[in-house]
Amino acid sequence: MAIIRRLNCFDYPKLKKMISYLCTDDNDKLAKNLTQDSISFINAMMPLKLKFKSESFILVEGKEILGLITVVCTPGNPYKINITRLIFKENYYDAGKTLVNFIIQKLGAKGAVTFSVVIDECHNELFDLFVNGCGFRQCSSETLWKIEHPTPYQNKLKWRYAQNSDAKAISELYNDELINIYKPSLIRYPNEFKPPFFQGFTNYYKTRYVIEESNKLLGYFSITTADNLNYILDTTLNNGYELSYDDVINAMLCEIAKKKRAFYPLVKQKNYIKNSQNFGDFLNSKGCIPVQTQYILVKDFYRPAMAESKDWKVFILGESQISG
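My aim in this report is to walk through the structure given alongside it, one point at a time. Bear in mind the structure is a predicted one, so any value in this text is a computation, not a measurement.

1. A few points about the pairing of strand β4 (residues 77-88)
Turning to step 1, where the next piece is worked out: For strand β3 (residues 64-74) and β4, the ladder comprises eight bridges, and the chain directions are antiparallel. Residue pairing for β4: Val71 is matched across the bridge by Ile83.
Turning to step 2, where the next piece is worked out: Note on the crossover from β4 through helix α4 (residues 93-109) to strand β5 (residues 114-120): the handedness is right-handed.

Okay, structure coming up:
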């Protein structure tokens, strides 16, 4: 009989065997990273609001691992769960579906209200699994553009490190720039723009900055890296002001160049932001190359409201239906 349990260090040989088809030496590195974590048991005992690391669960039948899923709470919003990894053997579609539904039920019971996953546009089987198999809906997408020859230069744009006191203003800016139909799913709260309390335990490094003039917030950008080589540049600009995309991107390149001589910058185009089309046209005109497009899939966990009668329950649906 198949069971689902937490991944532990003793699963390394079986996990390595299961993911051997991923090719190259990365499968061995992945297996070690997933199983050799000395503080994972502490994180496992924490309630959602105190979790500080990702968690992995496996579907096991006998001595064989059929699938694995990894989830992590959104920094600043522990009730929004991100599925960051799903691995299952070829033709084991039901194993993947079982793991996803297990996570929704387990963490939903602990208070999680939203589950999201980002998948490459070419992964049709995963798209089908989440949308048709597990009830997720396609929300929007993000595209990464590669800057071929980054050349930082000095400009007059004024920016500084973001402080925790800026979080509310950044949140308002970001939410104002969201296209209305995406707000129910993608709205973000101030705490999501603050560094996580256990930042040292995350598997990436992220710095945040604000662009301001006369105490007015004109823009926000962040720089994220997991390997100190590839850097993701993400920006949100106030639509009411004419800021040069060139200057903003250059500001991010300057910040990276302070620490690294050789790096590969990837600019994120958020297709759910008001200026997304203009930003994409700009990147294309500058010779940037779109290297990856990912779909954002979302599922809300519906919980019963307080019953007004012992004979029936009222359910609150967390998504809006749009017709026409």
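Back to the text.
2. Section: the pattern of salt bridges
Turning to step 1, where the next piece is worked out: Taken as a whole and assessed by the stated rule, the structure comprises 11 salt bridges.
Turning to step 2, where the next piece is worked out: With a closest N to O distance of 3.3 Å, Lys51 and Glu55 form a salt bridge.
Turning to step 3, where the next piece is worked out: Measuring nitrogen to oxygen at the nearest pair gives 2.8 Å for the salt bridge that ties Arg160 to Glu212. Placement of the pair is Arg160 in strand β7 (residues 159-161) and Glu212 in strand β8 (residues 205-213), with a sequence separation of 52 residues.
Turning to step 4, where the next piece is worked out: Overall, the relative accessible area of 28% leaves Arg160 in the partly exposed class.

3. Thoughts on a nonpolar patch on the surface
Turning to step 1, where the next piece is worked out: Nonpolar side chains collect at one region of the surface, where Phe41, Ile42 and Met45 lie side by side and expose about 330 Å² of accessible area between them.
Turning to step 2, where the next piece is worked out: Within the secondary structure, Met45 is located in helix α3 (residues 40-45).
Turning to step 3, where the next piece is worked out: Residue class for Met45 comes out exposed when judged on its relative accessible area of 63%.

4. Brief notes about helix α6 (residues 167-177)
What sets the pattern is the α-helix's 3.6 residues per turn: residues three or four places apart point alike.
Turning to step 1, where the next piece is worked out: For α6, the full list of buried residues reads Ala167, Ile170, Ser171, Leu173, Tyr174, Asn175 and Glu177.
Turning to step 2, where the next piece is worked out: Tucked into the core, α6 has its buried residues touching α7 (183-186), β8, β9 (216-225), β10 (230-237) and β11 (264-270).

5. What to know about the environment of Asn8
Turning to step 1, where the next piece is worked out: Position of Asn8 relative to the elements: it lies in the loop between β1 (2-6) and α1 (12-18).
Turning to step 2, where the next piece is worked out: Distance from Asn8 to Ser56, taken between C-alpha atoms, is 8.7 Å for residues 48 residues apart in sequence.
Turning to step 3, where the next piece is worked out: In terms of polar contacts, Asn8 uses its side chain to reach the backbone amide nitrogen of Phe10, at 2.9 Å.

6. Looking at the packing of aromatic side chains
Turning to step 1, where the next piece is worked out: This structure, assessed with the given rule, holds 10 aromatic pairs.
Turning to step 2, where the next piece is worked out: Aromatic pair Phe57 and Phe102: ring centres 5.5 Å apart, planes at 65°, arrangement edge-to-face. Pair noted here: Phe57 is in strand β2 (residues 55-61) and Phe102 is in helix α4, with a separation of 45 residues, a long-range link.
Turning to step 3, where the next piece is worked out: For Phe57, a relative accessible area of 2% translates into the label buried.
Turning to step 4, where the next piece is worked out: A centroid spacing of 5.0 Å and a plane angle of 55° characterise the contact between Tyr245 and Phe279, whose relative ring orientation is tilted. Here Tyr245 is found in helix α8 (residues 245-257), whereas its partner Phe279 is found in helix α9 (residues 276-285), with 34 residues between them in sequence.

7. Brief notes about the nonpolar core
Turning to step 1, where the next piece is worked out: Grouped together as the largest cluster of nonpolar side chains are 27 residues, with contacts concentrated most on Ile69, Leu86, Val100, Phe130 and Phe136.
Turning to step 2, where the next piece is worked out: Sorting the residues of this core by element identifies β2, β3, β4, α4, β5 and α5 (124-133) as the ones contributing at least two each.
Turning to step 3, where the next piece is worked out: Phe221, Phe263, Phe282 and Leu283 belong to the second largest nonpolar core, which has 25 residues in total.

8. What about the side chain of Ser276?
Turning to step 1, where the next piece is worked out: Looking at where Ser276 falls in the secondary structure, it is placed in helix α9.
Turning to step 2, where the next piece is worked out: Judged by relative accessible area, which is 8%, Ser276 ranks as buried.
Turning to step 3, where the next piece is worked out: A distance of 3.2 Å separates a polar atom in the side chain of Ser276 from the backbone oxygen of Lys270.

9. Thoughts on the pairing of β11
Turning to step 1, where the next piece is worked out: The buried fraction of β11 is high, at six of seven residues.
Turning to step 2, where the next piece is worked out: One ladder, built from four bridges, connects β10 with β11; its direction is parallel. Bridge assignment links Ile232 to a residue of β11, and that residue is Leu266.
Turning to step 3, where the next piece is worked out: Taken together, β10, α8 and β11 form a β-α-β motif whose crossover is right-handed.

10. Concerning α5
Turning to step 1, where the next piece is worked out: Where α5 is concerned, the buried positions are Leu126, Leu129, Phe130 and Gly133. Projected onto a plane normal to the axis of α5, the buried residues spread over an arc of 110° and lie on a single side. Of the residues in α5, the exposed ones pointing more than 90 degrees away from the buried face are Asn124 and Asn132.
Turning to step 2, where the next piece is worked out: Along its buried surface, α5 packs onto β4, α4, β5 and β12 (289-300).
Turning to step 3, where the next piece is worked out: Positive phi appears at Gly135, one or two residues downstream of α5, with a value of about 80°.

Criteria and cut-off values
Residues numbered from 1 in each chain as written. Predicted model: local features only at pLDDT ≥ 70, side-chain atom pairs only at ≥ 80, totals over all residues. Heavy atoms only, no water. Pairing = 2+ DSSP bridges. Helix = DSSP H or I, 4+ residues; strand = E, 2+ residues; numbered from the N terminus. Right-handed = clockwise from strand over helix to strand, strands pointing away. Salt bridge = Lys/Arg side-chain N within 4 Å of Asp/Glu carboxyl O. Buried < 20%, exposed > 50% of the residue type's maximum accessible area, 1.4 Å probe, protein only. Patch = residues over 30% accessible without salt bridge, like charges linked within 9 Å, V, L, I, M, F, W, Y side chains within 5 Å. Areas by Shrake-Rupley, 256 points an atom, 1.4 Å probe, with all protein chains shown as cover. Contact = heavy atoms within 4.5 Å. Polar contact = N/O pair within 3.5 Å; in protein donor to acceptor, adjacent residues only side chain to side chain. Phe/Tyr/Trp six-rings, centres within 6.5 Å; stacked < 30°, edge-to-face > 60°. Core = buried A, V, L, I, M, F, W, Y, C linked by side-chain atoms within 4.5 Å. Arc of directions from axis to C-beta.

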